[in-house]
Amino acid sequence: MIPGRMDAALDRVTRVRGVRGAMLVSSDDGLVVADALMEGVRGNAVAALAASLATRLGRAMEAAGAGEQRFVHLAAAKGKLLLMPAPAGMLLVALTDQRANVGLARLEMQQAVEGLS
Amino acid sequence: MANDIRRLTAELARDPASLAFLQLGEALRLQGQFDAAARVTRTGLERHPDLVEAHDLYGRILADAGNPEGARATWEHVLSLAPRHASALKGLAYLAYRDHDYDTALDMLETALSEDPSDETVVLALQTVRGASDRQEAEIRLRTGADIFAGIEGAERALMLLDARGLVLGGILRDPKGLIVSEDVAAYVAGAAQEAERACRLLDLGSWEAVECEGQDGHLHLSMPAPEAILVVRRDRSVPGGRVALLARRAMAAARAWLEAQAG
């Protein structure tokens, strides 16, 4: 994967208002591949938790017959965690505040993932 | 009544083979003199062992005297002699009703009614038992969670409530082929919910409110209607995500109401 393309993908996502950071994570081990995070965001923690969450939700979706995971939106009281599978066994992760437009963030994440293919 | 008892006692003394023992036994039973009623009826039965009405009377005396097993055996004997004996059927229906065995009670009463459709006592008993049966069924449905999502789209295939340990509380989840996958999904969802909680805590996101998952073939929506309870909504891919969230809100209100009823 060309680092420039990864940076461009992350940049695309972080331009969405309310996004506090985006990162590409290895789905298997939860390690950071590339990131673009606001100060104070704990990249390693986000990566590990996002990968673990995606794995567990993926199992639940498979068991429910919902098929392969496409997008996950975790809504919490003070922000959101968005996950989207990316090529080469990666996961595109975005951490947002409460104001973020999830629809727009999802669209940009989709296009960022397509740019990585 | 006392005069009747005296008259019938005298009549029986004059003619021990008389069927007056039936009236005397019944009169004594109605007066609450169960030992005397049982004695008179047993004596009568010694002379008339095949008299079905005497056995039936003895069953009523035993029931009133607080010996339901004796009464049951007696009425069952009556039915072996006269399979559609209305009074014995009513007696056995009463015992079944006392034991909360409403199906048996209804069977007995319906058979009795078919023998004599004008018997008001059977009609009233049927109403009582049906009411109790309906209440029992409603309680069971409430307790087992079968009705948690009644009236909500997908209640019979795509809505499920589980506890934080991954045990199904109610509702049902089927995969697109129609197979029930509730327990499998519940186990995985409980793990995912724990991970969501952990992620929110460590990332300082506050408590998690919902997780919306889009898959190739469908959506999965998770939310928490109450602490320690997780609602799962499954929808086909064709249903827009916004509508899934709307449906989840309705299901969440139903789940909360059910959980509150359980707590109460």
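Rules used in this analysis
- Residues numbered from 1 in each chain as written.
- Chains lettered and ligands numbered in written order.
- Predicted model: local features only at pLDDT ≥ 70, side-chain atom pairs only at ≥ 80, totals over all residues.
- Pairing = 2+ DSSP bridges.
- Helix = DSSP H or I, 4+ residues; strand = E, 2+ residues; numbered from the N terminus.
- Axes fitted to C-alpha atoms, helices over the stretch in contact; angles between N-to-C directions.
- Contact = placed C-beta atoms within 7 Å.
- Nonpolar A, V, L, I, M, F, W, Y, C, P; charged D, E, K, R; others polar.
- Buried ≥ 20, exposed ≤ 12 C-beta atoms within 10 Å, placed from the backbone.
- Expected span 1.5 Å × (residues − 1).
- Arc of directions from axis to C-beta.
- Parallel < 35°, antiparallel > 145°, perpendicular 65-115°, else oblique.
- Left-handed = near helix turned anticlockwise from the far one by under 90°.

Topic: the sheet that holds strand β3 (residues 69-76) of chain A
Taking strand neighbours across the sheet as the criterion, the 10 strands line up as β2(A)-β1(A)-β5(A)-β4(A)-β3(A)-β3(B)-β4(B)-β5(B)-β1(B)-β2(B) in an open arrangement whose pairing is antiparallel. Pairing within the sheet leaves two strands with one partner each, and these edge strands are β2 (32-37) of chain A together with β2 (168-173) of chain B. Between one strand and the next, the sheet's axes are offset by a mean angle of 15°, whatever the strand orientation. The pairing of strand β4 (residues 79-86) of chain A with strand β5 (residues 90-96) of chain A spans 7 bridges and is classified as antiparallel. The residue of β5 of chain A that forms the bridge with L82 of chain A is A94 of chain A. Packed on one face of the sheet, helix α10 (residues 241-263) of chain B meets β1 (158-163), β2, β3 (208-215), β4 (218-226) and β5 (229-236) of chain B and runs near 35° to β4 of chain B.

Digging into the interface of chain A and chain B
Facing the 29 residues of chain A at the interface are 35 residues of chain B. Mapped onto the side of chain A that touches chain B, the elements with two or more residues apiece are α2 (43-64), β3 and β4 of chain A. Among the elements that make up the side of chain A that touches chain B, the one with the highest residue count is α2 of chain A (12 residues). Across the side of chain A that touches chain B, the residue classes tally to 18 nonpolar, 6 polar and 5 charged. Bridging between β3 of chain A and β3 of chain B involves 7 bridges; their strand directions are antiparallel. Bridging across to β3 of chain B, Q69 of chain A finds its partner in G215 of chain B.

Notes on unusual backbone geometry
Residues and elements named next belong to chain B. Unusually for a residue other than glycine, H100 sits at a positive phi of about 65°. Here H100 lies in the loop between α6 (86-98) and α7 (102-115). Residue H100 is classed as exposed on the basis of its C-beta count, with 10 C-beta atoms lying within 10 Å. Unlike most non-glycine residues, D204 shows phi in positive territory, near 55°.

Structural notes on α7 of chain B
All names here are of chain B. Taking 1.5 Å per residue as the helical rise, α7 with its 14 residues ought to reach 20 Å, and the 20 Å between its terminal C-alpha atoms agrees with that figure. Along α7, the residues classified as buried are Y102, A105, M108, L109 and A112. Taken down its axis, α7 places every buried residue within 125° of arc, on the same side. Across α7 from its buried face, at more than 90 degrees, point the exposed residues D103 and S114.

Details of α2 of chain A
Because each turn of an α-helix spans 3.6 residues, side chains separated by three or four positions end up pointing in the same direction. If you check α2 of chain A, its first and last C-alpha atoms are 31 Å apart, about what 22 residues at 1.5 Å a residue would give, namely 32 Å. The first or second residue beyond α2 of chain A is G65 of chain A, which carries a positive phi of 75°.

Quick look at the packing of helix α3 (residues 34-47) of chain B against helix α4 (residues 52-64) of chain B
Relative placement of two packed helices is described by the angle separating their axes and the distance separating the axes. All names here are of chain B. Their axes nearest at 10 Å, the elements α3 and α4 cross at an angle of 160°. If you check the angle between α3 and α4, you find them roughly antiparallel. At the point where α3 passes α4, the crossing takes the left-handed sense. Between α3 and α4, the residues in contact are F34, A37, A38, T41, G44 and L45 and A54, L57, Y58, I61 and D64, respectively. Here the contact of α3 with α4 is composed, by residue class, of 8 nonpolar, 2 polar and 1 charged.

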